[in-house]
Number of protein chains: 2
Amino acid sequence: MKSLLLSRRDLEFLLYEWLRVDELTRRDRFSEHSRDTYDAVLDLCEQLATRYFATHNKKSDANEPTFDGEKVTVIPEVKEAWDAFAQADLIAMSMDERLGGAQLPATVAQAAFAWFSAANVSTTGYLMLTMANANLLSRFGSDDQIEAYLKPMLAGRFSGTMALSETQAGSSLADITTRAEPQDDDSQAGNYRLFGSKMWISGAEHELTDNIVNLVLAKIPGGPAGTKGISLFIVPKYVLGDDGTVGERNDIVLAGLNHKMGQRGITNTVLNLGEGAFTPGGRPGAVGHLVGEPHRGIAYMFTMMNEARLGVGMGAVSLGYTGYLKSLKYARERPQGRPVSAKDPAAPQVPIIEHADVKRMLLAQKAYAEGGMALLLYCSKLVDLQETAQSDEERDRVSLLLDMLTPVGKSWPSQWCLAANDLAIQVHGGYGYTREYDVEQHYRDNRLNPIHEGTYGIQSLDLLGRKVPMRGGAGLAALGAEIGATVEQAAALGGEIAAQATQLDASWQRLVTVTAEMFAPGDVDAAMANSAIYLEAFGHIVVAWIWLQQALAAHTRTGDFYDGKRQAAQYFFRYELPKTAPQLDLLAALDRTTLDMRDEWF
Amino acid sequence: MKSLLLSRRDLEFLLYEWLRVDELTRRDRFSEHSRDTYDAVLDLCEQLATRYFATHNKKSDANEPTFDGEKVTVIPEVKEAWDAFAQADLIAMSMDERLGGAQLPATVAQAAFAWFSAANVSTTGYLMLTMANANLLSRFGSDDQIEAYLKPMLAGRFSGTMALSETQAGSSLADITTRAEPQDDDSQAGNYRLFGSKMWISGAEHELTDNIVNLVLAKIPGGPAGTKGISLFIVPKYVLGDDGTVGERNDIVLAGLNHKMGQRGITNTVLNLGEGAFTPGGRPGAVGHLVGEPHRGIAYMFTMMNEARLGVGMGAVSLGYTGYLKSLKYARERPQGRPVSAKDPAAPQVPIIEHADVKRMLLAQKAYAEGGMALLLYCSKLVDLQETAQSDEERDRVSLLLDMLTPVGKSWPSQWCLAANDLAIQVHGGYGYTREYDVEQHYRDNRLNPIHEGTYGIQSLDLLGRKVPMRGGAGLAALGAEIGATVEQAAALGGEIAAQATQLDASWQRLVTVTAEMFAPGDVDAAMANSAIYLEAFGHIVVAWIWLQQALAAHTRTGDFYDGKRQAAQYFFRYELPKTAPQLDLLAALDRTTLDMRDEWF
């Protein structure tokens, strides 16, 4: 039976027929690999996700973690899933061999990991955070820190979190107030004690692992104001003994759990640090170990943040994808109504997939889910190319592209794969609104994605305020060159695909012109006022390009799968890309409606 | 303190300054009323909704009704709210005086009722269904039925349901299989026994009232096929004795409760009829009383269905409205970040309402919520004018308008006020995703509205397949005449409002042209293929017209409230109406992408 999580056929098309990931094995870092090893990982992940993750997705939604004042209880299936994943050595799947990792390309690792997100985004969250934490420590941690914290995480004995936000500092990290005081006595030299609190920290309390490695942002007194005075610390739940064994309970404790609309299976916590709930070494204060240099915390975090943002995008894609497949199955099996032009009440009802409006809702989902998957795998391939760049020129070009595409990779699926889940409910009708079916949970789970790891608005400011103007528009130019190459290739083929190329080219040129018009008057407030609409238009144009690339990869190929790709591309070009025209007109006009609106007029 | 449910100021603007509902008192039916009685009802409803309904909205979401196999338990606050509403004689608020009703205009009654939906859409559902049921019986029930069932409902002793759908017949009512067998022995003459099952029936099991009056669609054997063979029956939970007292338990029983994503406070049931769970009169079969004539059930239901559809639209508006007010309050109180053009980390954070993107999200909500409220009150006024038409010409014109606007009144708010709730969450950031705040529940509750009482797709077929072509396009012409009159009035004023008039006129003319182009080739399948997109474009143009009417009513008036109306109208014309241009282009092209898509290509 075909999986209802993701389409393996589509993954193979994207990885091998389009992105030619097998060619990455020519690069040193991936030379131990082959299509066989990639396929084996994809097989394994599909199996584990299906067996250990999908099976308790509903149960963990209906039985969210509970806190009795001391311990947090999570349903036992989460631990079984954690163990299955860890025992398969998947936590280290893209880590360096020197750390015991499998050194898989990010492109393959992301595709493989998507099976888990599609199966159970909450349980997968514990793993994703641990992997992101480990990835950060592998780059910026000391040898001792790698030994003491990273390796137990890779083995699945410890788990990790990313503790950035505070109640008064979510989008605005500059305003965190957690402070880290250096300890000068002999026994503590090099260590810090942290005092403050953290908000929205996922996975920071549970009994799944022997220890929890919190990566905490805090300010060392006397440092610069704003984000330039923020440092990064390891603050473990249990302080380690000199021999690396789990020792005293650290003074970082759960103040409470946040109860969310979705993603209920993963604890989301409020943490207190240094309130004296525990007294490691005989006194209050959360023991923390500085990572790297003081005041460089935001820079370290942002390396990971970009990966985390793409991870959020992939999570959104996975939910959109599984919702699409489930509503497709439903539409094929559910009889209701008769053809518009041949209504005969005595004739049997037809499966709803025969109704044009249902096909529209399925095509839209296909375009969003497969388009999002392609976008994220494309970004992941850029990560691989950046990591293994053969020249400075290649590294520079690839980095520019990745910088430009990261806010899109995070935001576009968060918007459109949520829209896909909305359509998945609609295809199911009343059944989709019940908890008996899966799709309402996907919709609730997916609604987090436009919020965390930088809201939609924050991503739009990143794109328009930072990425577009960087280095005199070098990012925009680099992306334009790629798009131009695709356009040229498709235009040469004639027919529908050439028409799509022309349409994409026109949209992109218009975007470039409008971008220049927005900045020309030198009014930053006006230029940035509609940044969210800019991101939306930009994202749709990028995904049209991604669809054109898929259509190119499918060109001359025959069969249902390729016909489906062509039809989805056609859908995107006819139904979706035209939406950007009025958006670009609005942007070009530097419309001040929102800017001029006053608080007292609401 | 200003209410966070609805804006009384806005309701007064819409009712008195725009729709001039006070002038309705010149008509006989409403001659006992005055602005004073309208205001008293609005006061009362705001107070009761705030005190008895809003207070348990969260609690009933977290504690949905439970079924122990015999009884359904609902939290006690629902009964208190029911009683408070009933004791204030509100169930009969728009019913005829001959039945003990207050004979309020529908416009005022809808505005008054919206307070309850905004406060607690689930508890309000029990009342809404009872009122719709009573309304139907008041028109089509016999004198005996009115005495036995309607009057106890108006007194709040009985409640009512509408039992249409079956598992295999949701959108396709022609396919219901519940059958009603006439009883011929003396004691049963005129009665029927019903056998079958019903699905998705809200409010059909609880202990809030002494009896539940189910209005059930069923087929009398030997009748015509399809919808023309469907009849309507009263099937009470308890059969009444000759003296009208509640007697034997009828053979209509709860098979189970559906567990929904939202609107969890109201029971949603699967019902079995005639399975012998009870044996009224000593034998199985659900006792049913025919309403009106055989085979006229769908016609009777559809009278109510139109009101029910507008009721769904108003429910969606109410949720959109309260979400808007709550996110507005949050945005005013939440400090986060600093101005784009003046970032100084040492300066204090500003309330997020000062950020342009947050103002955009609030303006959009304002445009959707206030636009939706205006649309629904406009439709309600058409109901009043139809009811009290002074001439055949007036009745005809008003009926045409109401026919055209009903699918819009149902669907537009279901789409855009849900989008408003999505934005309300986004304004709240992470907090909005938690159950600590209200907005995530509004979003879940509102997601039902594009599904029930005819899905979005069904509404679009109704609009494009039935309403647009009816009587040679008479409905389109009638609406066009109204829009033309507004355009003429606004165009004469010059300035921004005249520009809006020009823009609306162009959009409407384009819609009319495109509509003709769609039907010209005589290919029904192609014409109907994108009916959902037609509905979306049509709805946005209608609401632009509604906003232009509001701008006209605010014209020459000064003050924050009117400035806000003007700015929201400007938002709608600049950010929203232009979205229809690519939609109309797609429709004009008679695009076949969805039609041509094949099952096997997915």
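Given the structure is predicted, the values throughout are model-derived calculations rather than measurements.

K.L.:
If you had to explain the interface of chain A and chain B to someone new, which residues and values would you point to?
P.N.:
Listed as interface residues are 88 residues of chain A and, on the opposing side, 88 residues of chain B. Summing the contributions of chain A and of chain B, the shared interface buries around 7,900 Å²; its carbon and sulfur component is 58%. When the area that chain A buries against chain B is broken down by residue, the three leading residues are Tyr433(A), Arg435(A) and Phe602(A), summing to 12%. For the pair chain A and chain B, the interface holds 10 salt bridges. Between Asp591(B) and Arg574(A) there is a salt bridge, with its nearest N and O atoms 2.9 Å apart. In this structure, the connection of chain A to chain B is made through 59 residue pairs in polar contact (both at pLDDT 80 or more). Considering each element in turn, the side of chain A that touches chain B owes the most residues, 8 residues, to helix α17 (residues 560-576) of chain A.

K.L.:
Before we move on, could you go through the domain arrangement of chain A and cite the residues and values that matter?
P.N.:
Domain annotation of chain A identifies domain 1 (8-158), domain 2 (159-295) and domain 3 (455-595). A straight line from the C-alpha centre of domain 2 of chain A to that of domain 3 of chain A covers 41 Å.

K.L.:
Outline the side chain of Asn446(B), supporting the account with residue identities and numerical values.
P.N.:
Within the secondary structure, Asn446(B) is located in helix α11 (residues 439-446). The residues touching Asn446(B), leaving out its near neighbours within four places in the chain, are Ala316(B), Leu319(B), Gly320(B), Cys417(B), Leu418(B) and Asn421(B).

K.L.:
Explain the packing of aromatic side chains to me, and be specific about the residues and the numbers.
P.N.:
Tallied over the full model, the rule gives 49 aromatic pairs over all chains. Geometrically, the ring pair formed by Trp412(A) and Phe572(A) is tilted, given 6.3 Å between the ring centres and 50° between the ring planes. One end of the pair, Trp412(A), is in helix α10 (residues 392-428); the other, Phe572(A), is in helix α17, with 160 residues separating them in the sequence. Classification of Trp412(A) as buried rests on a relative accessible area of 3%. For the ring pair Tyr431(A) and Trp200(B), a centre distance of 4.8 Å and an interplane angle of 75° mean the geometry is edge-to-face. With Tyr431(A) in the loop between α10 and α11 (439-446) and Trp200(B) in strand β5 (residues 191-202), this pair bridges two chains. On the accessibility criterion, Tyr431(A) (9% relative accessible area) is buried. Above the ring of Tyr238(A), the side-chain terminus of Arg249(A) is found at 5.7 Å from the ring centroid. Above the plane of the ring of Tyr443(A) lies Arg447(B), whose end atom (NZ or CZ) is 6.0 Å from the centre.

About the cut-offs
- Residues numbered from 1 in each chain as written.
- Chains lettered and ligands numbered in written order.
- Predicted model: local features only at pLDDT ≥ 70, side-chain atom pairs only at ≥ 80, totals over all residues.
- Heavy atoms only, no water.
- Contact = heavy atoms within 4.5 Å.
- Buried area = accessible area lost by both parts, 1.4 Å probe.
- Salt bridge = Lys/Arg side-chain N within 4 Å of Asp/Glu carboxyl O.
- Polar contact = N/O pair within 3.5 Å; in protein donor to acceptor, adjacent residues only side chain to side chain.
- Helix = DSSP H or I, 4+ residues; strand = E, 2+ residues; numbered from the N terminus.
- Domains from an automatic or database assignment.
- Phe/Tyr/Trp six-rings, centres within 6.5 Å; stacked < 30°, edge-to-face > 60°.
- Buried < 20%, exposed > 50% of the residue type's maximum accessible area, 1.4 Å probe, protein only.
- Lys NZ or Arg CZ within 6 Å of the ring centre and 35° of its normal.

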